[in-house]
Amino acid sequence: MAPWRTLSLSVLALGVVVGAGAVVVSGWVVLPPLLAATLVLAGAALSVDYFGLRRRPGDWTGTRRPGPAAWANLQALEARFIRDRRRGSMHAAASARALLLAYAQLDRLRSASAVVDCLAAESVSRFRNDVCGDALRALALSELGRAAEAARLDRGLGEGAGEVPVVAWSRARMAERRGAIADAITAIDRARPQPASTVAFDLAALRARLVLRAGKADESERALRALAASGGRVWVEQLADDAHVALAQVARRALGVDAVYR
């Protein structure tokens, strides 16, 4: 349940108690305690990161193409996380989560060891679920070689979370690391991303790569042609520059620029 919704329900419950009390005694007798309790709840809501005005960053919006702006943002988030953690700030978990998303966007989750440990400690006492953060944390644990922890965290998300794009992306990447290509493709097919979004293009590009690994080059090429035609040409161009020769060839054929390989 959202924190501010919980706060509102608490105030409403107090109002009901006050209303019941006003039937028996004067409303002026019960109104001061109501106001005091409301102020206490509001103060608690503003005093911790779970509720505070400094809201958590948004959910997964997809990968970013490496560039000066992306690296500068990553370095700023790293500095903020180190500073908040050293000071014991109540905002350390929010800084860690923002940095985790930045690592994922630039495919640098192998650098997220301190971040996932901080978020693991925070998850014990946090007030609400964080599907996006937990999915990326599971993927980071997998890439750090902590497969058992990753699997346990992923199971905690439940099967119903499989339609969430970031969960599908995370599970597909983890399955690919295990060599379970069919499971990875199935995970992507369960996702329900917004059409023509960055996340949808990420999933389509990942699926095409997985299909190629499954030995279906023609299907992979058709998928990449469709991706390029639907606005995801940049993703196909990135695959055309991939170090994996077979994938680069398929991507270049999909772009119609494969003459260099003939």
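You'll find the structure just up there.
Keep in mind it's a predicted model, so treat the numbers as computed, not measured.

Q: Explanation requested: the packing of helix α5 (residues 113-123) against helix α6 (residues 131-143) in the structure shown.
A: Relative orientation and spacing of two packed helices are given, respectively, by the angle between their axes and the distance between those axes. Between α5 and α6, the least distance of the axes is 10 Å, while the angle of their chain directions is 135 degrees. Viewed along their axes, α5 and α6 adopt a mutual orientation that is oblique. As for the relative orientation of α5 and α6, their crossing is left-handed in sense. Here α5 contributes Val-116, Leu-119, Ala-120 and Ser-123 to the contact with α6, which in turn contributes Arg-137, Ala-140 and Leu-141. Taken together, the residues of the contact of α5 with α6 sort by class into 5 nonpolar, 1 polar and 1 charged.

Q: For this particular structure, what's the right way to read the nonpolar core?
A: Soluble globular proteins tend to bury their nonpolar side chains together. In this structure, Trp-60, Leu-100, Val-115 and Leu-136 are the most contacted members of the largest nonpolar core, which totals 49 residues. Mapped onto this core, the elements with two or more residues apiece are α3 (68-87), α4 (92-105), α5, α6, α7 (147-157), α8 (165-178), α9 (181-190) and α10 (198-213). With 8 residues, the single largest contributor to this core is α4. Ignoring any residue separated from it by four or fewer positions in sequence, one finds Val-115 in contact with Phe-81, Ala-96, Leu-99, Leu-100 and Tyr-103. In terms of nonpolar packing, the next biggest core, distinct from the first, is built from 16 residues, Leu-224, Leu-239, Leu-247 and Leu-255 among them.

Q: Help me out: how do you make sense of the side chain of Ser-142 in this one?
A: Counting through the fold element by element, Ser-142 comes out in helix α6. The class of Ser-142 is buried, set by a relative accessible area of 10%. Those residues in contact with Ser-142, other than ones at most four positions away along the chain, are Ala-150, Met-174 and Arg-177.

Conventions we followed
- Residues numbered from 1 in each chain as written.
- Predicted model: local features only at pLDDT ≥ 70, side-chain atom pairs only at ≥ 80, totals over all residues.
- Heavy atoms only, no water.
- Axes fitted to C-alpha atoms, helices over the stretch in contact; angles between N-to-C directions.
- Helix = DSSP H or I, 4+ residues; strand = E, 2+ residues; numbered from the N terminus.
- Parallel < 35°, antiparallel > 145°, perpendicular 65-115°, else oblique.
- Left-handed = near helix turned anticlockwise from the far one by under 90°.
- Contact = heavy atoms within 4.5 Å.
- Nonpolar A, V, L, I, M, F, W, Y, C, P; charged D, E, K, R; others polar.
- Core = buried A, V, L, I, M, F, W, Y, C linked by side-chain atoms within 4.5 Å.
- Buried < 20%, exposed > 50% of the residue type's maximum accessible area, 1.4 Å probe, protein only.

By themselves, these are just geometric observations and shouldn't be taken as functional.
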